[in-house]
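Summary of the model geometry
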Amino acid sequence: MSRPFYALDKPGEKGVVLGNDALARGIFEAGVIVAAGYPGTPSTEIMETLARIHKFYPYFEIEWSTNEAVGFQVALGASMCNARAFACMKHVGLNVAADTFMTATYAGAHGGFVVLSADDPNCYSSQNEQDNRYYGLHALCPVFEAINIQEAKDVIKYAFDFSEEFQSLVMMRTTTRLNHARGDLILGEINKIEDRKYNFDKDRERWTFLPSNARVQRVKQLERYEKLRTFSDNFPFTKLNMKDGAKIGLISSGIPYSYANDALLKLNLTEKISTLKLGMVFPQPEKLMEKLFENSERVVIVEELEPFLEDFAKKLAFELDIKLEIAGKKYFRRNSELNLNEVIKGLTKFLNISNPFVDLPVDIRNLHKASPRPPVLCPGCSHRSTFYALKLMEQKLGKNFVYSSDIGCYTLGFYKPIEAIDACICMGASIGMANGISKLHDGPVLAIIGDSTFFHTGIPGLIDAVYNQNDVFVIIMDNSITAMTGFQPHPGTGVKITGQPGTKIPLESIIRGAGITEDRLWIVDSNDLEQTTRAIEEAISVKGPRVLISRHPCVLFEKSIYRDKIIIPVQIDPEKCNNCMICIKNFGCPALTLYDGKVTVDGQCTGCGVCIKICPFEAISLKE
Ligand SMILES: Cc1ncc(C[n+]2csc(CCOP(=O)(O)OP(=O)(O)O)c2C)c(N)n1
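Everything in this summary refers to the structure shown in the same document.

**Here we look at the state of the cysteines**
Counting across every chain of the model gives 0 disulfides. Between Cys141, a cysteine without a disulfide, and Cys88, which holds the nearest cysteine sulfur, the sulfur-to-sulfur distance is 15 Å.

Structure follows, in structure tokens:
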């Protein structure tokens, strides 16, 4: 197996990598001993790259945990043993881990402990664009950011040293633009921490949050916070660049700083504006800010999402009684991402100068737009067959079902032609919401959840349904992988992140353990339409909590591992096809298209054969 660039022991070597590869490299260089997390775009590749590095350096431990709370707890346990520990998640994952996080920050870190929160401005692949810098403020946990690929590696590596020096947890906050950008990276030294003992630190008062201990730890947390506040001015990746005679200041961090820097270059303003670039965005460097304020009449804050730095800057200027104008969100949007174009527009408005680039296509995204495509389930996706069977049953019974959904590929059942999904808020919420709806709604209430999501946070909802005898029909769309985030294994697959075998936990064993009896449990092959429809019909006629596992492996995942598998696609007999369009309008497989007024099969067909069963004219068959 050839060694990827990011796994080389060649300090000084230069290459081009993904932001997430750079972050993984930094974590590895820092000497991580335990890494844990749960997949979530845009963070997933960090763990996957670490797992690839692990193949060459198996001395550290790495796992996909059941969910982010568990991942965080695994890392916390390792930190308690004096190990360098890393927890990885997307921004909403920190909501799942928040209960542990909020209290763990009182106790602080023993071995260096870094939690990475990958935020997603513009909701590219998320249900919200929450700004997790506020978690830092909320938990008094220092938050670091990086402006480019090289810094991503350097900052996160440094975060482990920092964490140990201050005995503090550190949050590394990234955004999609950093995680998924590519850029130059110079490799650093691999830190080999050889002389440490990794035994549990039996400091019982520190780790046991009985109220009597919690009060003491809270005071310690506040003392630590004061040290962090003071240190922020000396943070090695924070830089105040004062310009002689400049009366304008600019504060920024992360990717927005890179845009601001480019904008100043393009506008020829680099010598006229003093800049404060923050590497540590919480706590903020008060002395550096004070210096900038004292020398400026106006300061602009360039930041994405919430006015996090802006609010702090205004408060600080007020407390210091320095009179100056501080502006931010007045010139820069609060939702979505910024880009160079937007930053130039905002800056020129703030400076009240004309924008020389206004007619130029500065926003390169406009030049490279892909043709618009609606998000759809893949050709051959087994979720489609389950939805189709459900829709058939609605027709047959003359009833509309309520579909309380979870997050996964199946959420695409919201779109035409399926149009099933009625509600989806966050991972693990489908069964809980269905429990509530079932108490009031007159008609069948379904909870739609995937296998990975069921393990993640679905189980308590099912236990609630059984315990409270709620009239909820849970459908687990089991494609035997975490498909939406790119085929990560989970407890139901029985394979670990390293590719080594783990212990497989069948969904049905948990469901039975939660109190679902055999007469309330159906297990079908999703692509067997007859079997699936029959099971749905039986289950709908029963009251109380019941579960259908609709199981068929993800077709894309299968294709990726069985590359040589011969696919026999379907064909349409033009003599038999009368263009009723059921296969296109109701079933909606993207491999079936209308060409020259006739239904045709394109090269995407996976040969799942489900469309053969739905054609009332028997016009579809497998190719010979
Ligand atoms: C708290 C949280 N963590 C992670 C994610 C990212 N994410 C979205 S869906 C999903 C899991 C999907 O897997 P599964 O339930 O098996 O459904 P599939 O996509 O395979 O159909 C993940 C990890 C998220 N949205 N929220």
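**Structural notes on the sheet that holds strand β18 (residues 521-525)**
Spatial strand order, β15-β16-β17-β19-β18: 5 strands in an open sheet with parallel pairing. Strand pairing shows two members of the sheet lacking a second neighbour, β15 (402-405) and β18, which therefore form its edges. On average, each strand axis in the sheet is inclined to that of its neighbour by 20 degrees, with strand direction left out of account. Where β18 and strand β19 (residues 546-551) come together, 5 bridges link them in parallel fashion. Counterpart to Ile523 in the pairing with β19 is Ile549. This element, helix α18 (residues 529-540), spans β16 (445-450), β17 (473-478), β18 and β19 of the sheet and lies at about 165 degrees to β18.

**Some remarks on the sheet that holds strand β9 (residues 239-241)**
Spatially, β9-β11-β10-β13-β14 is the arrangement adopted by the 5 strands of the open sheet, whose pairing is mixed. Lying at the two open borders of the sheet, with one neighbouring strand each, are β9 and β14 (325-327). Between one strand axis and the next, the sheet turns through 15 degrees on average, direction left out of account. Direction of pairing for strand β10 (residues 248-253) relative to strand β13 (residues 298-302): parallel, over a ladder of 5 bridges. Across the sheet, residue Ile251 finds its bridge partner in β13, namely Ile301. Lying on the sheet, helix α12 (residues 308-320) is in contact with β10, β11 (273-278), β13 and β14; it crosses β14 at an angle near 165 degrees.

**Comments concerning the site of the ligand**
Around the ligand sit 26 residues in total, of which Glu68, His383, Asp451, Thr453 and Ala483 are the nearest. One of the side-chain N or O atoms of Glu68 is found 2.5 Å from a nitrogen atom in the ligand. Asn479 has a polar side-chain atom sitting 3.0 Å from an oxygen atom of the ligand. Here the ligand has 590 Å² of accessible area as a free molecule, and 97% of this is covered by the chains. Elements that contribute at least two residues to the shell around the ligand include exactly α4 (91-107) and α16 (451-467). Considering every element that reaches the shell around the ligand, the biggest residue donor is α16, with 4 residues. Here the shell around the ligand is built from residues that sort into 11 nonpolar, 12 polar and 3 charged. Each of two domains, domain 1 (5-233) and domain 3 (382-561), supplies a minimum of three residues to the shell around the ligand.

**A closer look at helix α3 (residues 68-80)**
An ideal rise of 1.5 Å per residue puts 18 Å on 13 residues; α3 measures up with 18 Å between its terminal C-alpha atoms. Within α3, burial applies to Glu68, Ala69, Gly71, Phe72, Ala75, Leu76, Ala78, Ser79 and Met80. Buried residues belonging to α3 abut β2 (34-37), β4 (85-90), α4, β5 (113-119), α8 (204-207) and α16. Capping the start of α3, Asn67 holds a side-chain oxygen 3.0 Å from the backbone nitrogen of Ala69, two or three residues further along. Positioned one or two residues after α3, Asn82 has a phi angle of 75 degrees, which is positive.

Definitions and limits used
Counting restarts for each chain, with residues numbered from 1 along the sequence as it is written. Residues qualify for local features only when their pLDDT is at least 70, as the model is predicted, and side-chain atom pairs are given and counted only at 80 or more; totals for whole chains, interfaces and linings, by contrast, use all residues. Side-chain metrics in this entry use all non-hydrogen atoms of the structure; hydrogen atoms and water are not considered. We call a pair of cysteine sulfur atoms a disulfide whenever their separation is within 2.5 Å. Strands are labelled as partners when DSSP assigns at least two bridges between them. Per the convention used, a helix needs a DSSP run of H or I reaching at least four residues, while a strand needs a run of E reaching at least two, with both numbered from the N terminus. Lines fitted to C-alpha atoms define the axes, with helix axes restricted to the stretch in contact, and inter-axis angles between N-to-C directions lie between 0 and 180 degrees. By the convention used here, residues are in contact when the closest approach between their heavy atoms is within 4.5 Å. If a single non-hydrogen atom of a residue is within 4 Å of a molecule or strand, that residue counts as near it. The definition of a polar contact used here is a pair of N or O atoms within 3.5 Å, where within protein one atom must be able to donate a hydrogen and the other to accept one, and adjacent residues in sequence count solely through side-chain atom pairs. What sets the accessible areas is the Shrake-Rupley method with a 1.4 Å probe; for residues, cover comes only from the shown protein chains. Gly is placed with the polar residues, together with every amino acid not listed as nonpolar (Ala, Val, Leu, Ile, Met, Phe, Trp, Tyr, Cys and Pro) or charged (Asp, Glu, Lys and Arg). Each domain's limits were defined by an automated method or a database of domain assignments. Each helix should span, by expectation, one fewer than its residue count multiplied by 1.5 Å. Any residue under 20% of the maximum accessible area for its type is buried, any over 50% is exposed, and the rest in between are partly exposed; the area is computed with a 1.4 Å probe on protein chains only.

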